[in-house]
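Examination of the molecular architecture
The primary structure of each chain is shown beneath.
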Amino acid sequence: MTIELTYLAAALILALVQILLPAAGRTAKYGLKWNAGPRDADVPPPGRVTGRLERAEANLYETLPLFIGAVLIAHVAGRAGPLTEWGAALYFWARLIYIPLYAFGVPFVRSLVWVVSLIGLIMILAALFI
């Protein structure tokens, strides 16, 4: 398996973790009965950290489909190389670092880390055309 596909698999695991983190926070706040129920009743906001984890999850889903597509196209088209390897690494590690930065409300650095993940994605996309 190529480095890019390994990072893709890791990014999918990261996405699963990002689903579970805010879910655990909501369950801790509202209880197992709420979690197992139909969730019809209005509930108060989930809390500061859980809300941030939900937003970090949503933010991942804005770029994850692009990352998946870019890595798979690079692999199938035989365009994988140093640019895609570095791009996949930057994307994954930046997305991993982004989670605690967002959860703890770290301004500016969080945005910079997001830009690094975007640069990684752009590197992979660029490799498809150069």
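For every chain, the first residue of its written sequence is number 1, and the numbers climb from 1 along that sequence. Restriction of local features to residues with pLDDT of at least 70 applies here, the model being predicted, together with a cutoff of 80 or more for giving and counting side-chain atom pairs; totals for whole chains, interfaces and linings are based on all residues. Working from all heavy atoms in the structure, the side-chain values ignore hydrogens and water.

The next subject is the overall build of the protein chain. In this text, helices come from DSSP runs of H or I with a minimum length of four residues, and strands from runs of E with a minimum of two, each type numbered from the N-terminal end. Helices and strands together make up the secondary structure of the protein chain, namely 5 helices and 0 strands. Seen in sequence order, the protein chain has helices and strands lined up from the N terminus as α-α-α-α-α. C-alpha atoms of the protein chain, sized along the principal axes, occupy 55 × 30 × 20 Å. Buried, partly exposed and exposed residues are distinguished by accessible area as a fraction of the type maximum, computed with a 1.4 Å probe on protein chains only: under 20%, between the cut-offs, and over 50%, respectively. The 130 residues of the protein chain split such that 39% are buried. Long-range contacts, defined here as pairs at least 24 residues apart, represent 78% of the contacts in the protein chain between residues at least 6 apart. All accessibility values rest on the Shrake-Rupley procedure with a 1.4 Å probe; residue burial counts only the protein chains present in the view. About 7500 Å² of surface is accessible on the protein chain, with carbon and sulfur atoms providing 73% of the total. Positive charges come from Lys and Arg, negative ones from Asp and Glu, while His and the chain ends are left out of the count. We put the charge of a Lys on NZ, of an Arg on CZ, of an Asp on CG and of a Glu on CD. Separation between the mean location of the 10 positive side-chain charges and that of the 7 negative ones in the protein chain comes to 8 Å. The contact definition used throughout considers only heavy atoms, calling two residues in contact when any of these lie within 4.5 Å.

Glancing now at a nonpolar patch on the surface. Taken together, Leu-16, Ile-19, Leu-20 and Tyr-61 make up a surface patch of nonpolar side chains, about 360 Å² in accessible area. Here the nonpolar patch takes 3 residues from helix H1 (residues 3–30), the largest share from any one element. Structurally, Tyr-61 is set in helix H3 (residues 48–76). Each patch groups residues whose relative accessible area exceeds 30% and which form no salt bridge, using 9 Å between like charges and 5 Å between nonpolar side chains of Val, Leu, Ile, Met, Phe, Trp and Tyr. Here, a salt bridge means any side-chain nitrogen of Lys or Arg that lies within 4 Å of a carboxyl oxygen of Asp or Glu.

Moving on, we come to the environment of Leu-83. Here Leu-83 shows up in helix H4 (residues 82–103). For the pair Leu-83 and Ala-126, spaced 43 residues apart in the sequence, the C-alpha separation amounts to 8.2 Å. In this structure, Leu-83 is in contact with Met-123, Ala-126, Ala-127 and Ile-130, ignoring residues within four places of it in sequence.

The next subject is the nonpolar core. Among the buried residues, those of types Ala, Val, Leu, Ile, Met, Phe, Trp, Tyr and Cys that are joined through side-chain atoms within 4.5 Å form a nonpolar core. Counting residues in hydrophobic clusters, the biggest one holds 20 residues, and the most contacted among them are Leu-64, Phe-67, Val-71, Tyr-91 and Ile-124. Where this core is concerned, the elements lending two or more residues are H1, H3, H4 and helix H5 (109–127). Once residues lying within four places of it in the same chain are set aside, the contact partners of Leu-64 are Ala-11, Ala-15 and Tyr-91. Among the nonpolar cores identified, the runner-up in size contains 6 residues, and Ala-56, Ala-94, Tyr-102 and Val-113 belong to it.

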